[in-house]
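Residues per chain are reported as follows:
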Amino acid sequence: MKQSEFLEKTRKAYLDARECSYLPKSNSNVLSRGTSHSISSITEDLFGCYCAEKLTKPNRIKILIDPPISFKGTELKNKSGKRSLLLRPRHCFYER
């Protein structure tokens, strides 16, 4: 996939996100979304695809998309204290 194709597909996902997922069989002109659907997962998958296609020798390389971070084998537990802590980071913050 070329960079321009990646950008075109990302733009299309944003445009498609503005549309209703389900339209009624009648009176569809009275229905419209006030906000767009989230496309973060679609964009993550698309970027993973883009990266995978750029690999020339994918020997033992694994691209993980939105992986959870598990703390198995440590003392870190979830709120109930019964299972290992599992984090799904969404944002990185940089402070100066």
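Criteria and cut-off values
- Residues take numbers from 1 onward in each chain, read along the sequence in its written order.
- For this predicted model, a pLDDT threshold of at least 70 governs which residues receive local features, and a threshold of 80 or more governs which side-chain atom pairs are given and counted, while totals over whole chains, interfaces and linings are taken from all residues.
- To obtain the side-chain values, all non-hydrogen atoms of the structure were used and water was disregarded.
- Secondary structure follows DSSP: runs of H or I at least 4 residues long count as helices, runs of E at least 2 residues long count as strands, and numbering of each begins at the N terminus.
- Think of it in three bands: residues with accessible area under 20% of the maximum for their type are buried, residues over 50% are exposed, and the middle band is partly exposed, with areas taken using a 1.4 Å probe on protein chains only.
- Under the convention used throughout, the expected extent of a helix is 1.5 Å for every residue step, that is, one less than its residue count.
- Contacts: residue pairs with any heavy atoms within 4.5 Å of one another.
- Like-charged residues are merged into a patch within 9 Å and nonpolar side chains (Val, Leu, Ile, Met, Phe, Trp, Tyr) within 5 Å, provided each residue has over 30% relative accessible area and no salt bridge.
- A 1.4 Å probe and the Shrake-Rupley method give the accessible areas. Residues count as covered only by the protein chains that appear here.
- By definition, a salt bridge exists where a carboxyl oxygen of Asp or Glu is found within 4 Å of a side-chain nitrogen of Lys or Arg.

Chemist: How should I be thinking about the environment of K72 in this particular structure?
Modeler: In this fold, K72 is placed in the loop between β1 (69–70) and β2 (86–87). When its relative accessible area of 67% is taken as the criterion, K72 is described as exposed. Expressed as a C-alpha distance, the spacing of K72 and S40, which sit 32 residues apart in the sequence, is 27 Å.

Chemist: Would you take a moment to explain the environment of R88 for this structure?
Modeler: Relative to the elements of secondary structure, R88 occurs in the segment after β2. Using a relative accessible area of 45% as the deciding quantity, one classes R88 as partly exposed. It is 4.7 Å that separates the C-alpha atoms of R88 and P68, two residues lying 20 residues apart in sequence.

Chemist: Explanation requested: helix α2 (residues 40–54) in the structure shown.
Modeler: Count 3.6 residues to each turn of an α-helix, and residues three or four apart come out pointing the same way. In this model α2 runs 21 Å from its N-terminal to its C-terminal C-alpha over 15 residues, within 8% of the 21 Å that 1.5 Å per residue would give. Those residues of α2 not exposed but buried are L46, G48 and Y50. Looking at the packing, one finds that the buried side of α2 touches α1 (3–16).

Chemist: Could you clarify how one ought to interpret a nonpolar patch on the surface in this entry?
Modeler: A cluster of nonpolar side chains, L55, I61, I63 and I65, forms an exposed patch at the surface whose accessible area comes to about 300 Å². The topology assignment puts L55 in the loop between α2 and β1.

Chemist: What is the right way to read the pattern of salt bridges from this model?
Modeler: Pairing between side chains of opposite charge can happen when their charged atoms approach one another. One pass over the full model with this rule turns up two salt bridges. Here E5 and K9 are joined by a salt bridge, their closest N and O atoms 3.4 Å apart. Taken together, the residues E5 and K9, both in helix α1 and four residues apart, mark about one turn of the helix. Between D16 and K12 there is a salt bridge, and its shortest N-O distance comes to 2.6 Å.

Chemist: Please clarify how the side chain of T10 should be interpreted in this entry.
Modeler: The residue T10 is located in helix α1 in this model. Apart from residues lying up to four places away in sequence, T10 is in contact with I39, T43 and L46.

It is worth stressing that arrangement in space is one thing and function is another; only the former is reported here.
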